[in-house]
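Residue-level structural notes
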Amino acid sequence: MRGAAFVAIAAATLWSCASSAADSIVIGGKIFTESYILGEMAAQTIEASSPVPVTRKLGMGSTGILFEGLRSGAIDVYPDYTGTLAEAILKRPELQSLDEIRQALSNMGLTMSGSLGFNDTYALAVKEDFAEKHGLHSIGDLIPIQTSVRAAFSYEFMDRKDGYPGLVGSYHLGFNPQKVNRMEHSLSFQAIDQDAVDLIDVYSTDAKIKKLHLRVLKDDHNYFPVYQAVWVARKSFVEKHPREWQALLGLEGKISEAAMLDMNAEADIQKIDFGKIAAQFLGAAAPDSHGWLHEVARRTKEHLWLVGVSLLFSVLVGIPLGVTAVRFQAAGQAILLSSAVIQTVPSLALLCFLIPVFGVGTKPALAALCLYSLLPVVLNTFTGIRAVNPVHLENARAFGLNGRQVLFRVVLPLASPTLLAGIKTATIVSIGTATLAALVGAGGYGAPIVSGLSLNDVPTILTGAIPAALMALVAHGLFELLGIMLIPAGLRRRP
C-alpha cells in the first residue's frame, strides 16, 4: 500500500505544481450565504486595486478546513469572526478584544483586520406562533417545555464549545436527545418552516429570520460571545501584497449589521448572484457573467480532471495490487483488508484526515479519490483471476508460455469482464464522490451543489447534480463500448 500512497501523492503534487504556476491571490469562504458575499467583496476589492489575479475558493467546508488551508498556504485570506477564532481555533474563549485575538494569531504566523462593522453571533429562534403558544421570549423560557421541543442544530453549532454543549450547561437545559437533530444550516430553515422542528440555531444576520417570521430568543445569560466579522490572513501574504491588504482594510467599519442583513436577504430570498450583491455594495460594476453554460463547462473540466486522475490511478495501481493479492496469500489478505478499510471511511472524514498532509484544494481531493478507487479494482482483479480455470493455465504452460506470457495472454484476457467491471464501478463511484471535493476548494460539480444548498436553491443544485448524473451515464456507455472492443467475443455475456 505504500506504493499506492506514493502514486496518489505524486499525482496530487503534479497537479498542484501545474495549478500554482500562475501567482494569484486565493480568497476562501465558508459554506453559508454571508461568507460567499464577504468572499466576493474581498475578491472584487483586490481586483479593483491590483493587477494580481484572484482565485476564489468559496463555499468550502467547516472552519477547521478554512483555517488549515490558510495555515498551509492554500488560501491567502478569508472572512471569519472573532468569537469563532477565539473559541474554535485558538481554544481561548477568554480572549475578547481584537488586539488579544490578533496577538494570539500572530504567534501562528497569521493576522487579522479590525471589525468590518457588524456582529453576527449565534442565536436560537422559533416560529412566532410557537413562541406565542408557549410564552417564549428568552432562551431560559425553554426550560418548562425542554423535553418536548424538537430541535435542529447545525453540525458546527453542535460540536463547538460556544455552541450547543456550553449552551445547555449555561441554561441547565435538558433537551430530549431523540428530538435533537444535526442538520445542514440552510436546511434547518426549511425544516422549521414546514413545522418539522420547533427550534433552530441561527446567525443574527440570517435573512430568513424575517422571511419565515421567526422570533429570536433573547440570550439573557449573555452566553453567546461577540462575533465581529474580520479578514484573517497569513503574515506572509500581508508582507508580499501590502497594497492588496490595505485595500481590504479599507472595508473596516463599513458594513453595518443592517446592510449585511439586507445583502443576505438579496441572496437568500431574491436569489441575486453573490458577485452582483458584492459589486452593488462596493459601488462597482457587476462582474461579467459568462452564463450557466460557461460555468458548467468550467466545472466539467474540473470534475473530469478529478475523476480522470483517480481512474488512471485505479488502473496503474489497483490491477498490480490485485495480481499481487492472488500470487502472495499473506500479502493478498493485507492488500484486500487495507483497501476495504479505506472504503469504509466516510468521504468527508477522509478529506479532513488528508488536509494536515496535503492542505486544502485539489491535492487532498485527488488523494482521497485515488484511495477510494482502489477497492473495486483490486477486488475485481483478485476475483477475476481467481475464477480462471486452472486447466487453461496448465494448457498455456504446456505450450511453453512463461509466467509473464501466461498472465498477459491468458489470465488477464479471461479475467477481463470482471476486471473491467471493477474499473467501471470505480469510475462511477468517483464521479459521485468527487462532488464532495468542493468542500475542500477543489471545484467540480460539487461547487454549485454546495452553493445551492447554502441558499436552499434547487435550480443551482441541479446545475451540478444533473451534469454529474449525465457524466455517470456517459461513463457507463463508454465502458460498454470498451467491453465490446477489449473483451474477447467468447467471454461476453450473451443476451
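What counts and what doesn't
Residues numbered from 1 in each chain as written. Predicted model: local features only at pLDDT ≥ 70, side-chain atom pairs only at ≥ 80, totals over all residues. Heavy atoms only, no water. Pairing = 2+ DSSP bridges. Helix = DSSP H or I, 4+ residues; strand = E, 2+ residues; numbered from the N terminus. Axes fitted to C-alpha atoms, helices over the stretch in contact; angles between N-to-C directions. Core = buried A, V, L, I, M, F, W, Y, C linked by side-chain atoms within 4.5 Å. Buried < 20%, exposed > 50% of the residue type's maximum accessible area, 1.4 Å probe, protein only. Contact = heavy atoms within 4.5 Å. Salt bridge = Lys/Arg side-chain N within 4 Å of Asp/Glu carboxyl O. Parallel < 35°, antiparallel > 145°, perpendicular 65-115°, else oblique. Left-handed = near helix turned anticlockwise from the far one by under 90°. Nonpolar A, V, L, I, M, F, W, Y, C, P; charged D, E, K, R; others polar. Phe/Tyr/Trp six-rings, centres within 6.5 Å; stacked < 30°, edge-to-face > 60°.

Examining the sheet that holds strand E6 (residues 151–153)
- Reading across the sheet, the five strands line up as E7-E6-E8-E5-E9 and stay open at both edges, with mixed pairing between neighbours. Two strands bound the open sheet, and with one partner strand each, they are strand E7 (180–182) and strand E9 (214–217). With direction set aside, neighbouring strand axes in the sheet form an average angle of 35 degrees.
- Relative to E9, strand E5 (residues 122–127) runs antiparallel, the two sharing four bridges. Bridging across to E9, Leu124 finds its partner in Leu217.

Side note on the nonpolar core
- In this structure, Leu142 and Leu199 are the most contacted members of the largest nonpolar core, which totals 64 residues.
- With seven residues, the single largest contributor to this core is helix H2 (residues 33–49).
- Residue contacts for Leu199: discarding those within four places in its chain leaves Leu124, Ala125, Val126, Leu142, Val149, Arg150, Ala151, Ala152, Phe153, Phe175, Ile192 and Leu217.
- Counting 57 residues, the second largest nonpolar core, distinct from the first, contains Val26, Phe67, Ile431 and Ala472.

Some remarks on the pattern of salt bridges
- Inspection of every chain in the model, using the stated rule, returns 18 salt bridges.
- Measuring nitrogen to oxygen at the nearest pair gives 2.9 Å for the salt bridge that ties Glu40 to Arg56. One end of the pair, Glu40, is in helix H2; the other, Arg56, is in strand E2 (residues 54–60), with 16 residues separating them in the sequence.
- Relative accessible area serves as the criterion here: at 10%, Glu40 is assigned to the buried category.
- Residue Asp99 is joined to Arg102 by a salt bridge in which the shortest nitrogen-to-oxygen separation is 3.0 Å. One end of the pair is Asp99 and the other is Arg102, both in helix H5 (residues 98–106) and three residues apart, which spans about a single turn.
- By relative accessible area, which is 57% here, Asp99 ends up exposed.
- A relative accessible area of 24% means that Arg102 is categorised as partly exposed.
- Ionic contacts of the salt-bridge type, sharing partners, join the residues Glu295, Arg298, Arg299 and Glu302 into one network.

Details of the packing of helix H13 (residues 257–268) against helix H14 (residues 274–282)
- Closest axis-to-axis distance for the H13/H14 pair is 9 Å, and the angle between their directions is 150 degrees. Relative to H14, the element H13 lies roughly antiparallel. For the pair H13 and H14, the crossing hand works out as right-handed. Each of Ala259, Met263, Glu266 and Ala267 in H13 lies in contact with H14, whose residues at this interface are Phe274, Ile277, Gln280 and Phe281.
- Taken together, the residues that form the contact of H13 with H14 break down as six nonpolar, one polar and one charged.

Remarks on the environment of Asp23
- Note that Asp23 resides in the loop between helix H1 (2–19) and strand E1 (25–30).
- Residues Asp23 and Pro53, spaced 30 residues apart in sequence, show a C-alpha to C-alpha distance of 7.5 Å.
- Setting aside chain neighbours within four positions, we find Asp23 in contact with Val52, Pro53, Lys240 and His241.

Notes on the packing of aromatic side chains
- Scanning the entire structure with this criterion turns up 14 aromatic pairs.
- When the centroid spacing of 4.9 Å and the interplanar angle of 70 degrees are considered together, the rings of Tyr122 and Phe157 count as edge-to-face. Of this pair, Tyr122 sits in strand E5 while Phe157 sits in helix H7 (residues 155–159), and the two are 35 residues apart along the sequence.
- Using a relative accessible area of 0% as the deciding quantity, one classes Phe157 as buried.
- Geometrically, the ring pair formed by Phe153 and Tyr164 is tilted, given 5.5 Å between the ring centres and 45 degrees between the ring planes. Separated by eleven residues along the polypeptide, Phe153 in strand E6 and Tyr164 in helix H8 (residues 164–171) bring together distant segments of the chain.

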